[in-house]
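Residue-level structural notes
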Amino acid sequence: MPDRVFNFAAGPGILPIPVLEQVRRDLPSIPGVGASALEVSHRGAWFSSVIDEAEANLRELLAIPDGYHVLFSQGGASMQFSMVPMNLLRGSDAAADHVVTGSWGAKAVTEARKEGTVRIAWTDAEERFVRVPDPHELLEAVAPSAAYVHVTTNETIQGVEYPATPIVPDDTPLVADGSSDFLAGPIDVGRFGLLYAGAQKNAGPAGVTVVIVRDDLLELIPDGLPSTLDYRTYVEHRSLFNTPPVFGIYVVMLVTRWLRDDVGGLAKMGARNRGKADLLYERIDAAPSFYRGHADAGSRSVMNVTFRLPTEDLEAAFASEAAERGMVELRGHRSVGGIRASIYNAMPLEGVETLAAFMDEFHERHEPPSS
Ligand code: PMP
């Protein structure tokens, strides 16, 4: 594919080239179908096999235990900020315990408060979101009687990620926004009551959201919700109550197939991602007064590497010079500034190596060694 940049965007983000090539081959006509994925019925045999494979691939990759439903929704993770409390909090006497480790977790709180009582069980907002709670801090912070505990496994804006699946009291459902580290490595799905993820980082294009929910949580859902906002509708209709995002689910199917067949599963993907992230964090650790990492070492994101330079002018120069060399979208989120390198699954090692070399060179140019 000519003219490809190294796309460090936070999402929609980079997709695997074999997937893009398959999409291109299937345009304007899927063999045996005679029309493209943009044009076919969601009730036809072809799409039926696509959605079945997407679900089966997710189940295999994530080793999803029995008793969990895999749903495909629209409305992004933002709609899940509302749907989770509508389904699991509305009408409950208990509070939802939210652990807020960044901007997305804070937005989830805003929406949940419209549906019931929310308690901020733990946050480091005053320290500008630099870490996640240690396992024992988390266990102490949450109330075993909470309706559920809500966490954001990876805060895309701050670049703060749980190093392992968070552990909450046994009977308290763990609900997680996993949008930006979904499929980045193995996770223990059995620890979650509900996990949701917008596809547009690691799993596919914008427009489809994957929800994995444990069957017993469906019993908490109050009657009377709008059908499209009730998880039971998705379960009963296998995500086909209304027209689903056909194209998005087709690409999720291709991405999960790529993860299974080309990458060889999530353990391998996780190791590859760790290696890529280490390359950038090594640069930060080698020049901490020039590249100031945002996250504490134990909470560093493998997906979104965030750091500051000594001045905003240098940050602007860094991003624009990198762009001239084909490394784009390195500016941090507009709310926090700085630099953010999003290195999702599909970012090749070569892209990260090119960025790491640029970091060395930029540093040398702007702060020559003092010896
Ligand atoms: N949660 C996280 C962790 C995110 O990174 C994002 C998007 N960047 C969202 C929620 C919101 O997703 P959407 O725009 O799909 O609603």
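Rules of the game
Residues numbered from 1 in each chain as written. Predicted model: local features only at pLDDT ≥ 70, side-chain atom pairs only at ≥ 80, totals over all residues. Heavy atoms only, no water. Domains from an automatic or database assignment. Buried area = accessible area lost by both parts, 1.4 Å probe. Salt bridge = Lys/Arg side-chain N within 4 Å of Asp/Glu carboxyl O. Polar contact = N/O pair within 3.5 Å; in protein donor to acceptor, adjacent residues only side chain to side chain. Helix = DSSP H or I, 4+ residues; strand = E, 2+ residues; numbered from the N terminus. Nonpolar A, V, L, I, M, F, W, Y, C, P; charged D, E, K, R; others polar. Pairing = 2+ DSSP bridges. Axes fitted to C-alpha atoms, helices over the stretch in contact; angles between N-to-C directions. Contact = heavy atoms within 4.5 Å.

1. Quick notes on the domain arrangement of the chain
For the chain, the assigned domains are domain 1 (6-17 + 264-366) and domain 2 (18-263). Placing a centre on the C-alpha atoms of domain 1 and another on those of domain 2 gives a separation of 25 Å. Between domain 1 and domain 2, a total of about 2900 Å² is buried, with carbon and sulfur atoms accounting for 58% of that surface. Here domain 1 and domain 2 share zero salt bridges between them. Counting the contacts that link domain 1 with domain 2 gives 24 residue pairs in polar contact (both at pLDDT 80 or more). Contributing elements (two or more residues each) for the side of domain 1 that touches domain 2: helix 8 (266-286) and strand 12 (304-308). Examining the composition of the side of domain 1 that touches domain 2, we find that seven residues originate from one element, helix 8, more than from any other. Considered class by class, the residues forming the side of domain 1 that touches domain 2 number 15 nonpolar, 15 polar and five charged.

2. Some words on the sheet that holds strand 5 (residues 148-152)
Ordered in space as 2-10-9-8-5-3-4, the seven strands form an open sheet in which the pairing is mixed. The open sheet has two free edges, formed respectively by strand 2 (68-73) and strand 4 (118-123), since each of these has just one partner strand. Taken pair by pair, the neighbouring strands of this sheet meet at an average axis angle of 20 degrees, ignoring direction. Two elements, strand 5 and strand 8 (residues 174-177), share four bridges in a ladder whose sense is parallel. Note on strand 8: the bridge partner recorded for Thr152 is Asp177. Those strands touched by helix 3 (residues 76-88) are strand 2, strand 5, strand 8, strand 9 (194-198) and strand 10 (209-214), and its axis lies near 160 degrees from that of strand 9.

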